[in-house]
Protein chains: 2
Amino acid sequence: MKLNNTSQYAIRILAYIADHKEKTLFSATELSNELSIPYKFLTKIMTELVKADFIESIRGREGGFKLKKDASEIKVDDILNIFNDSIKDEECILGIGFCNGMCKCALHDQWMEPKLLMQRMFRESSLRDIAGKGCKI
Amino acid sequence: MKLNNTSQYAIRILAYIADHKEKTLFSATELSNELSIPYKFLTKIMTELVKADFIESIRGREGGFKLKKDASEIKVDDILNIFNDSIKDEECILGIGFCNGMCKCALHDQWMEPKLLMQRMFRESSLRDIAGKGCKI
DNA sequence: TTTTAATTCTACCTTTAAGTAGTAATTAAA
DNA sequence: TTTAATTACTACTTAAAGGTAGAATTAAAA
Ligand code: SF4
Ligand code: SF4
């Protein structure tokens, strides 16, 4: 009942970048150190964030990464979608049925509310909203 | 953002048994067929439910499984605990901090509400509550 | 007593997530 | 132009979840 590691890392990386507006460029080494994310794993994630067009990369010496969109335009849910980790509408707590209310599973009624809350949390929170919120992100 | 397969299976198995009060004994073959759970995987899970004392097993020909406790005494959360899949108090949506409010992660405030709702859903729902709720469990 | 239908035990296989290693490509500074 | 610092690419390794196979054990029925 949790986000996978890759998603957690990606959110923390983007939130960190959005949070430090005074800087313009962030190297993989800095991000790895500051966020305690294994360097090699982080670079792999960065590549995906670049492909997803959330991050722009500058290659070569003095290069690095920076946000490609405004922080208010990147929702947490967009990040989760890259890693196929967002909460699908048809996602069922017991893994049967289709969450369409036609054929309910035993926990359906109790599951709808937290599910919707989580979907809203992810869909409505932008990087701008969460940047600066963590005390040691 | 979902329960693991084993937990889902275990809940559905126990709910099925609790739901069919007219029967006294359920064989692994029946449970496997009715619930579409791979036979060999199901027997593995049954063994754990027996060890956890939720299920009593009768070995040998004409044997099978039955509930060992009253359905109202088994909470969904108890089942999740067997497979280390319940939502811990200190569980953080971003995998940092300790959810103690001292050092918040960026999504802390928005995470508390769905988290508590899910904990309550699992802790307060007994087999008795959910048995008979599913249309094709 | 033998057979048969059931659970239990031990061990293995497969898939996916997580993480690591090495090298190539790029580019600015020296 | 060389060097150093950086991202990008390809491939491998490890750990955990999910699933499978087969033989051992049990006990009722035939
Ligand atoms: S009962 Fe509800 S939660 Fe469960 S599978 Fe069906 S639609 Fe999804
Ligand atoms: S900020 Fe809150 S949710 Fe996030 S890790 Fe800390 S305690 Fe957990």
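Residues numbered from 1 in each chain as written. Chains lettered and ligands numbered in written order. Predicted model: local features only at pLDDT ≥ 70, side-chain atom pairs only at ≥ 80, totals over all residues. Heavy atoms only, no water.

Chemist: A description of the protein's contact with DNA strand D should follow, citing residues and the corresponding values.
Modeler: The full set close to DNA strand D counts 25 residues, and A:Ala28, A:Ser57, B:Lys40, B:Lys44 and B:Gly60 are the nearest of them. A share of 63% is what sugar and phosphate atoms reach among the atoms of DNA strand D within 4 Å of the protein. Interatomic distance of 3.4 Å between a side-chain N/O atom of A:Arg59 and a sugar or linking oxygen of DNA strand D. Of all elements in the fold, only helix 3 (39-51), strand 1 (55-58) and strand 2 (64-67) of chain A together with helix 1 (5-19) and helix 3 (39-51) of chain B reach the threshold of two or more residues within the surface near DNA strand D. Across the surface near DNA strand D, the residue classes break down as eight nonpolar, 10 polar and seven charged. (Near = heavy atom within 4 Å. Polar contact = N/O pair within 3.5 Å; in protein donor to acceptor, adjacent residues only side chain to side chain. Helix = DSSP H or I, 4+ residues; strand = E, 2+ residues; numbered from the N terminus. Nonpolar A, V, L, I, M, F, W, Y, C, P; charged D, E, K, R; others polar.)

Chemist: Any chance you could break down the relation of the copies chain B and chain A for me, citing the residues and the numbers?
Modeler: In the superposition of chain B on chain A (RMSD 0.0 Å, axial shift 0.0 Å), the rotation amounts to 180 degrees. Within this description, the copies of the chain are treated as partners about a two-fold rotation axis. An overlap of 100% is found between the interface residues of chain B and their copies at the interface of chain A, pointing to a shared contact surface. (Least-squares fit on C-alpha atoms with pLDDT ≥ 70 in both. Contact = heavy atoms within 4.5 Å.)

Chemist: Any chance you could break down the pattern of salt bridges for me, citing the residues and the numbers?
Modeler: Counted by the stated rule, this structure contains 10 salt bridges over all chains. Note that A:Asp89 is salt-bridged to A:Arg123, the shortest N-O span being 3.5 Å. With A:Asp89 in the loop between helix 4 (76-82) and helix 5 (108-124) and A:Arg123 in helix 5, the pair connects residues that are 34 residues apart, well separated along the chain. Residue A:Asp89 is classed as partly exposed on the basis of its relative accessible area of 49%. Relative accessible area serves as the criterion here: at 40%, A:Arg123 is assigned to the partly exposed category. Salt-bridge contacts for B:Lys23 lead to B:Glu30; the nearest nitrogen and oxygen are separated by 2.5 Å. Owing to a relative accessible area of 32%, B:Lys23 belongs among the partly exposed residues under this scheme. (Salt bridge = Lys/Arg side-chain N within 4 Å of Asp/Glu carboxyl O. Buried < 20%, exposed > 50% of the residue type's maximum accessible area, 1.4 Å probe, protein only.)

Chemist: Quick one: what's the story with the site of ligand 1, residue by residue and with numbers?
Modeler: Taken together, the neighbourhood of ligand 1 is formed by A:Cys92, A:Ile93, A:Ile96, A:Gly97, A:Phe98, A:Cys99, A:Asn100, A:Cys103, A:Lys104, A:Cys105, A:His108 and A:Trp111. Considered class by class, the residues forming the shell around ligand 1 number eight nonpolar, three polar and one charged.

Chemist: Can you tell me about the interface of chain B and chain A, naming the residues and giving the values?
Modeler: Across the contact, 35 residues belong to chain B and 35 residues belong to chain A. With both chains or domains summed, chain B and chain A bury close to 3200 Å², and 71% of this area falls on carbon and sulfur atoms. At the junction of chain B with chain A, the criterion picks out zero salt bridges. Here chain B is connected to chain A by six residue pairs in polar contact (both at pLDDT 80 or more). Contributions of two or more residues to the side of chain B that touches chain A are made by helix 1 and helix 5 (108-124) of chain B. Of the residues contributing to the side of chain B that touches chain A, the split by class is 22 nonpolar, five polar and eight charged. (Buried area = accessible area lost by both parts, 1.4 Å probe.)

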